[in-house]
Every structure is written in structure tokens, then in C-alpha cells.
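Results of the structural survey
Next come the chains, spelled out residue by residue.
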Amino acid sequence: MTREIKVEKRVLSRNDVVATRNRVGFTERGAYVVNMISSPGTGKTTILEATLGRIVEAGRSVAVIEGDVQTENDAVRVAATGVPVEAVVTGGACHLDATMVGKAWQRLEPSLPAALDILIVENVGNLVCPSAYDVGEDEKVALVSVTEGEDKPLKYPALFNAATTCLVTKVDLLPYLEFDVEELVKNARAVNPALNIFLLSAKSGEGMDEWVEYLIGKAKDNS
Amino acid sequence: MHEMGIATEISRIVLEEAERGGGGRVKSISLTIGRWSGVEVETLRFAMEVVAEDTSLAGAELKIEVVEPTFKCAECGKEFIAESRLTPCPECESMAGDMVAGDELAIKEIEVED
Ligand SMILES: Nc1nc2c(ncn2[C@@H]2O[C@H](COP(=O)(O)OP(=O)(O)O)[C@@H](O)[C@H]2O)c(=O)[nH]1
Ligand SMILES: [Mg+2]
Ligand SMILES: [Zn+2]
């Protein structure tokens, strides 16, 4: 005999439960949490380095969780800025999930100030998979560089739809490229009209202040 | 390529629900997958075959309903399917408002056989 059983469950419901637990921990410490997602090479770590310096200069506290498939290279780069950082080597997995981030947070906690203003998670370089996994962040930040296609948002709507903010990186290269920034912005808004979009370059510093100001504006003042 | 991880979660939940519902061989699994969920349907089918091997899910039929991006008009409230939010409402030509469907990834129901 065949029986029908109603399930009506989100596939990632277990991840959601852990993400909620992470969120409680982050909130208790006062941290605003961003989850940075892009293809490999878009400039996540470079933007991160430039961002951290500016946050610290503004007198605010920040920490980082660095996701990488194989190495701790990015975590080493971030550690050089003096900001507390924990690496998550996923060993092949193409995304961070809530459990990995929760464990990294536990390892990070002893080196954190009692109140932390901002936690930045650099996800594994991948445009598709990370967008499905809530890690407990307040917002997802999608990054796309001007050396990628203008149609990236249309090809990867899952990410741009789930993101709150979009960083268009490496704009210092625009004079050397035939890249239509307006077209990219139009495509990003076609997927998600509410996106906050920042055009920036970690190299020239252009647009960095606006982005960091936005981030600090989102963070609670814990001082 | 996170379909392997997704398939593992589906299999875990389905085995749990089948057990809770009295056990037996799983005959079919009904999924709803949004076009904007980030999951590739054919890749997921393949991953499910791999994960189901040697379990009571082996051979279960995957019934997948793909949900197209659906928006609700902010002006008149009509719900309509569109490629992107640049598509105007077919009723009143206002721009698409909130997304109401198309990003889900859920298990709807399963069929179990004694
Ligand atoms: N011209 C230019 N190159 C950049 C910029 N940001 C990053 N890059 C380069 O892009 C490459 C990848 O950067 P990385 O931060 O490691 O990317 P990730 O994989 O997204 O973390 C490196 O060679 C960087 O030097 C930028 O603003 N301008
Ligand atoms: Mg990096
Ligand atoms: Zn309308």
C-alpha cells in the first residue's frame, strides 16, 4: 500500500536553525554581520583589507571569518592588518554553512572585545552556492568586478536577489576596458531594485569611504 | 556545485519523515524548486541518485515542480511571472513589486510503500 506523507519543509531547515543560533550569539555581542559573496578573484580579500583599516581608523571594532576551499592564505593577509580573524578551510565545499561559521565564531570569541561592532565573513569564491546558505548574517553583500560581464546579475539572480548590497569592484580599471557600468547597475536592479550599489576600487580608494560609512552606519554603536 | 549537499539534506529529511510516518520504501519525493533558488535541477537529479544508492530511497521518483520568478504588482496587487523586475505588470504596467515565489527550495511530500 502507498501512503502520502506531507512534509512541507525547507531543504535547508537544519542550516536555518544553526544560523538562527549564530545570529543570537552575534547579536549578544552587538555585531552587525555581513556575508561577502562573489566569484574567485573579484577582489573580496583586497576590499576587506582596505575596509578593515578604515573601520579601525574610525574607532570601531571589527573581526573577520575567512572562508577558503584549500588554504589559509586570505586569513594570513587579513591577520596582517591586526584585526582578529579565524579561517574556515572547507576542504572542497563550495560555500560556508551556518555550522562552519558557528564553530569559527566560537574559536574567535576569546580574542574579541566585549562588544564587537562589525563581523565580516568572506565566503568561498563562488557565485551560486553561498547564496543558499544563511550563516546568521544581517546582510549578504554581492561583489562583481568590472572585468566580469555586465550580465552577471541576470545569470546569477539567486545571489543578487538575496543580497542587500552590491559592490562593483576594480573601477580603477574602467579606462582600460569596454565595460558598461550603467548596464551592470541596470541588470542588478532588474533582479533587485532595492540593492544598495557602491562603485569602488580598493586600489585607488575611490568609493571606499562611502561603502565604509554605510557599513558603520549599519553597525550599532557599542562604545 | 552545492547540489551534493542539498541532496544529502533532502535524503536526511525524507528518511526521517518516512520513519516517523511508519517506515517503508520511499516511492516518490515531491520538491518545489524556484528558478532563482540557485539549484540546478539536472545536477540535483544526478546528486540524488548518488546519495540514494543503497538506502530505502534508491529508485524513488523525483517529482520536481520548478517555480518561475513570480512578483506582486505594488500598485494593483496582481501576481505575475517575469524574467526580471524590469517587466511591467500585465494589468496596469507598473513595475514589479515584491517577489512572492521563485526562490524556494522545499520538500512538499513523499510517497511511502509498505
Ligand atoms: N586593479 C585592481 N585590482 C584589484 C582590485 N582589488 C583586487 N584586485 C586584484 O584582483 C585579484 C584578486 O583579488 P582578491 O582580493 O584576492 O580576490 P578574492 O578572490 O575575491 O578574494 C588580485 O590580483 C588583486 O590584486 C582593485 O580595486 N583594482
Ligand atoms: Mg579572497
Ligand atoms: Zn499592476
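Residues numbered from 1 in each chain as written. Chains lettered and ligands numbered in written order. Predicted model: local features only at pLDDT ≥ 70, side-chain atom pairs only at ≥ 80, totals over all residues. Heavy atoms only, no water.

1. Side note on the overall build of chain B
- What chain B contains, in helices and strands, is 2 helices and 6 strands.
- Listing every helix and strand of chain B by position from the N terminus yields α-β-α-β-β-β-β-β.
- Here chain B has a C-alpha radius of gyration of 18 Å; the compact-globule value for 114 residues is 13 Å, and the former is much larger.
- Principal-axis analysis of the C-alpha atoms gives chain B an extent of 55 × 30 × 15 Å.
- Looking at chain B residue by residue over its 114 residues, the buried ones come to 51%.
- For chain B, restricting intrachain contacts to residue pairs at least 6 apart in sequence, the fraction spanning at least 24 positions comes to 70%.
- Of the side-chain charges in chain B, 11 are positive and 25 negative, and the distance between the mean point of each set is 3 Å. (Helix = DSSP H or I, 4+ residues; strand = E, 2+ residues; numbered from the N terminus. Rg over C-alpha atoms; globule rule 2.2 N^0.38 Å. Buried < 20%, exposed > 50% of the residue type's maximum accessible area, 1.4 Å probe, protein only. Contact = heavy atoms within 4.5 Å. Lys, Arg positive; Asp, Glu negative; His and termini not counted. Charge placed at Lys NZ, Arg CZ, Asp CG, Glu CD.)

2. Remarks on the coordination of the magnesium ion (ligand 2)
Residue and element names in this part refer to chain A.
- Coordination of the magnesium ion (ligand 2) by the protein is provided by Thr-45 (OG1), Asp-74 (OD) and Glu-122 (OE), with metal-donor distances spanning 2.1 Å.
- Spacing between the donor residues of the magnesium ion (ligand 2) along their common chain follows T-x28-D-x47-E. Of this pair, Asp-74 sits in helix α3 (residues 73-79) while Glu-122 sits in strand β5 (residues 118-122); the two residues are 48 residues apart in sequence, bridging distant segments of the chain. In this structure, Asp-74 and Glu-122 share a single accessibility class: buried. (Donors = N, O, S within 2.8 Å, 3.2 Å for Na, K, Ca; no water.)

3. Re the pattern of salt bridges
- All told, the structure shown has 25 salt bridges over all chains when counted by the stated rule.
- Between A:Arg14 and B:Glu9 there is a salt bridge, and its shortest N-O distance comes to 3.5 Å. Separated into two different chains, A:Arg14 in helix α1 (residues 13-28) and B:Glu9 in helix α1 (residues 3-20) make up a pair that spans both.
- Residue A:Glu49 pairs with A:Arg77 through a salt bridge whose shortest N-O separation is 3.2 Å. Taken as a pair, A:Glu49 in helix α2 (residues 44-57) and A:Arg77 in helix α3 lie far apart in primary sequence, 28 residues in all.
- Classification of A:Arg77 by relative accessible area gives partly exposed; the value is 34%.
- Taken together, the salt bridges that share partners define one network made up of A:Arg14, B:Glu9, B:Arg12 and B:Glu16. (Salt bridge = Lys/Arg side-chain N within 4 Å of Asp/Glu carboxyl O.)

4. Looking at the interface of chain B and chain A
- Contact with chain B, which involves 34 residues of that partner, is made by 29 residues of chain A.
- For the pair chain B and chain A, the two sides together bury roughly 2800 Å², of which 55% comes from carbon and sulfur.
- By the criterion of area lost to chain A, the three top residues of chain B are B:His2, B:Trp36 and B:Arg85, representing 19% of everything that side buries.
- Scanning the region where chain B abuts chain A turns up 16 residue pairs in polar contact (both at pLDDT 80 or more).
- Per-element tally for the side of chain B that touches chain A: the top contributor is α1(B), with 10 residues.
- Residues belonging to the side of chain B that touches chain A are distributed by class as follows: 13 nonpolar, 8 polar and 13 charged.
- Bridge analysis of strand β1 (residues 2-10) of chain A against strand β6 (residues 105-113) of chain B gives 7 bridges, and the strand direction is antiparallel. Along β6(B), the bridge assignment pairs A:Thr2 with B:Glu113. (Buried area = accessible area lost by both parts, 1.4 Å probe. Polar contact = N/O pair within 3.5 Å; in protein donor to acceptor, adjacent residues only side chain to side chain. Nonpolar A, V, L, I, M, F, W, Y, C, P; charged D, E, K, R; others polar. Pairing = 2+ DSSP bridges.)

5. Things to note about the coordination of the zinc ion (ligand 3)
Residue and element names in this part refer to chain B.
- At the metal site, the zinc ion (ligand 3) is ligated by Cys-73 (SG), Cys-76 (SG), Cys-89 (SG) and Cys-92 (SG), and these contacts range over 2.3 to 2.4 Å.
- Classification of the site at the zinc ion (ligand 3) as tetrahedral follows from its 4 donor atoms and the range of 100 to 116° in their angles at the metal.
- Going along the chain, you hit the donors of the zinc ion (ligand 3) in the pattern C-x2-C-x12-C-x2-C. Residue Cys-76 is located in the loop between β3 (70-73) and β4 (79-81), and its partner Cys-89 is located in the loop between β4 and β5 (96-101); the two are separated by 13 residues in the primary sequence. (Tetrahedral: all angles 85-135°; square planar, octahedral: opposite > 155°, others 65-115°.)

6. Things to note about the nonpolar core
- Counting residues in each nonpolar core, the largest one holds 31 residues, and the members touching the most others are B:Ile6, B:Ile10, B:Ile29, B:Leu31, B:Leu44 and B:Ile107.
- Ignoring anything within four residues of it in the chain, the contact list for B:Leu31 reads B:Ile10, B:Leu44, B:Leu62, B:Lys63, B:Ile64, B:Glu65, B:Ala106, B:Ile107 and B:Lys108.
- In this structure, A:Ala75, A:Ala87, A:Leu143 and A:Trp211 belong to the second largest nonpolar core, which totals 29 residues. (Core = buried A, V, L, I, M, F, W, Y, C linked by side-chain atoms within 4.5 Å.)

7. A short note on α1(B)
Residue and element names in this part refer to chain B.
- Compared with the 26 Å implied by 1.5 Å per residue over 18 residues, the 25 Å span of α1 between its first and last C-alpha is a close match.
- Inspection of α1 places Glu-3, Ile-6, Ala-7, Glu-9, Ile-10, Ser-11, Ile-13, Val-14, Glu-17 and Ala-18 among the buried residues, and these make up the whole buried set.
- Of the residues trailing α1, Gly-22 is marked for its positive phi of about 110°. (Expected span 1.5 Å × (residues − 1).)

8. Describing helix α7 (residues 181-191) of chain A
Residue and element names in this part refer to chain A.
- Restricting attention to buried positions, one finds in α7 the residues Val-181, Leu-184, Asn-187, Ala-188, Ala-190 and Val-191.
- On the buried face of α7, the contacting elements are β6 (139-145), α5 (152-155), α6 (157-162), β7 (165-169) and β8 (196-199).
- Where α7 begins, the side chain of Asp-180 points an oxygen toward the backbone nitrogen of Glu-182, at a separation of 3.2 Å.

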